[in-house]
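Architecture at a glance
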Amino acid sequence: SHMPLFNSFHPLFILFFILMGWLNLQSQDAINTDADPTEILNRWSGEWTTTSVFKKSLWFPKRLKTEGTATTQLIMHNTYQQTLSSTENEQTIELTRFDDSAGKFKKWVFEEDGTTSTWLGRWDEASSTMTWTYVDYTGSGLYGRMIEKFKDNNSLQISIVLENSDGQKLLNVVIAQIKVL
């Protein structure tokens, strides 16, 4: 008699699900489980002044310095962190949350000109640093890294680098944020 295909692969399916469960546990172990994601996001809450220095890059042929403000708060029963930023030139909205299933923070950035970006982040409690990686949904080869480091509770240093598939810097900006409220 002939065994159905599913039965002949049954041990492989079991092995697959055991492996996926183990990998899921490993990714959860990689997160600092001591820190509550809401408490982590709450570190950004408040009103901030921002000083951004756009270093020379493909998108910014000349160095540019801008001043602005950012207001961050937890919204929707602390599910999301919302940041409203503005400078002389533009307004930006950011939404950030912890994604339990991915074991990472997710950030969506909406620019006034209609451009958007998505980032995945990992928090390191020891260095008070959130490291974000750009999600390239278009497959264009863009690589981005954003590092947000708290110097103390009222001072944040942010660096953002975005490169094209040739490794050329499209964007290279350093932002100093000082909490004012």
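Heads up: these notes are all about the structure in this document. (Residues numbered from 1 in each chain as written. Predicted model: local features only at pLDDT ≥ 70, side-chain atom pairs only at ≥ 80, totals over all residues. Heavy atoms only, no water.)

Once that is clear, we can look at a nonpolar patch on the surface. A contiguous nonpolar surface patch, about 250 Å² in accessible area, is contributed by Leu84, Ile93 and Phe110. Locating Leu84 in the fold gives a position in strand E3 (residues 80-87). Residue Leu84 is classed as partly exposed on the basis of its relative accessible area, which comes to 40%. (Patch = residues over 30% accessible without salt bridge, like charges linked within 9 Å, V, L, I, M, F, W, Y side chains within 5 Å. Areas by Shrake-Rupley, 256 points an atom, 1.4 Å probe, with all protein chains shown as cover. Salt bridge = Lys/Arg side-chain N within 4 Å of Asp/Glu carboxyl O. Helix = DSSP H or I, 4+ residues; strand = E, 2+ residues; numbered from the N terminus. Buried < 20%, exposed > 50% of the residue type's maximum accessible area, 1.4 Å probe, protein only.)

Here we come to the side chain of Thr72. Structurally, the position occupied by Thr72 is in strand E2 (residues 64-75). A distance of 2.9 Å separates polar atoms of two side chains, one belonging to Thr72 and the other to Thr83. Contacts of Thr72, omitting those with residues within four sequence positions, involve Trp44, Ser45, Gly46, Trp48, Gln81, Gln82 and Thr83. (Polar contact = N/O pair within 3.5 Å; in protein donor to acceptor, adjacent residues only side chain to side chain. Contact = heavy atoms within 4.5 Å.)

The next subject is the pattern of salt bridges. Scanning the entire structure with this criterion turns up two salt bridges. Of the charged contacts, one joins Glu94 and Lys107 as a salt bridge, the two residues approaching to 2.9 Å between their closest N and O atoms. Linking Glu94 in strand E4 (residues 91-99) with Lys107 in strand E5 (residues 104-111), this pair joins segments that are 13 residues apart in sequence. The class of Lys107 is buried, set by a relative accessible area of 2%. With a shortest N-O distance of 3.2 Å, Asp99 and Lys106 are connected by a salt bridge.

A word on a negative patch on the surface. On the surface, Asp36, Glu39, Asp124 and Glu125 cluster together to form a negatively charged patch. Mapped onto the elements of the fold, Glu39 is located in helix H2 (residues 37-42). Its relative accessible area of 56% is what places Glu39 among the exposed residues. (Lys, Arg positive; Asp, Glu negative; His and termini not counted. Charge placed at Lys NZ, Arg CZ, Asp CG, Glu CD.)

One non-glycine residue with positive phi stands out, namely Met76, at about 55 degrees. Following the sequence through the fold, Met76 ends up in the loop between E2 and E3. The class of Met76 is exposed, set by a relative accessible area of 55%.

Right, let's talk about the pairing of strand E9 (residues 155-163) for a bit. Where strand E8 (residues 143-152) and E9 come together, nine bridges link them in antiparallel fashion. Each residue of the ladder has a partner; that of Gly144, found in E9, is Leu162. Counting the residues in the hairpin turn of E9 and strand E10 (residues 169-179) gives five residues, including Gly167, whose phi is positive at 80 degrees. (Pairing = 2+ DSSP bridges.)

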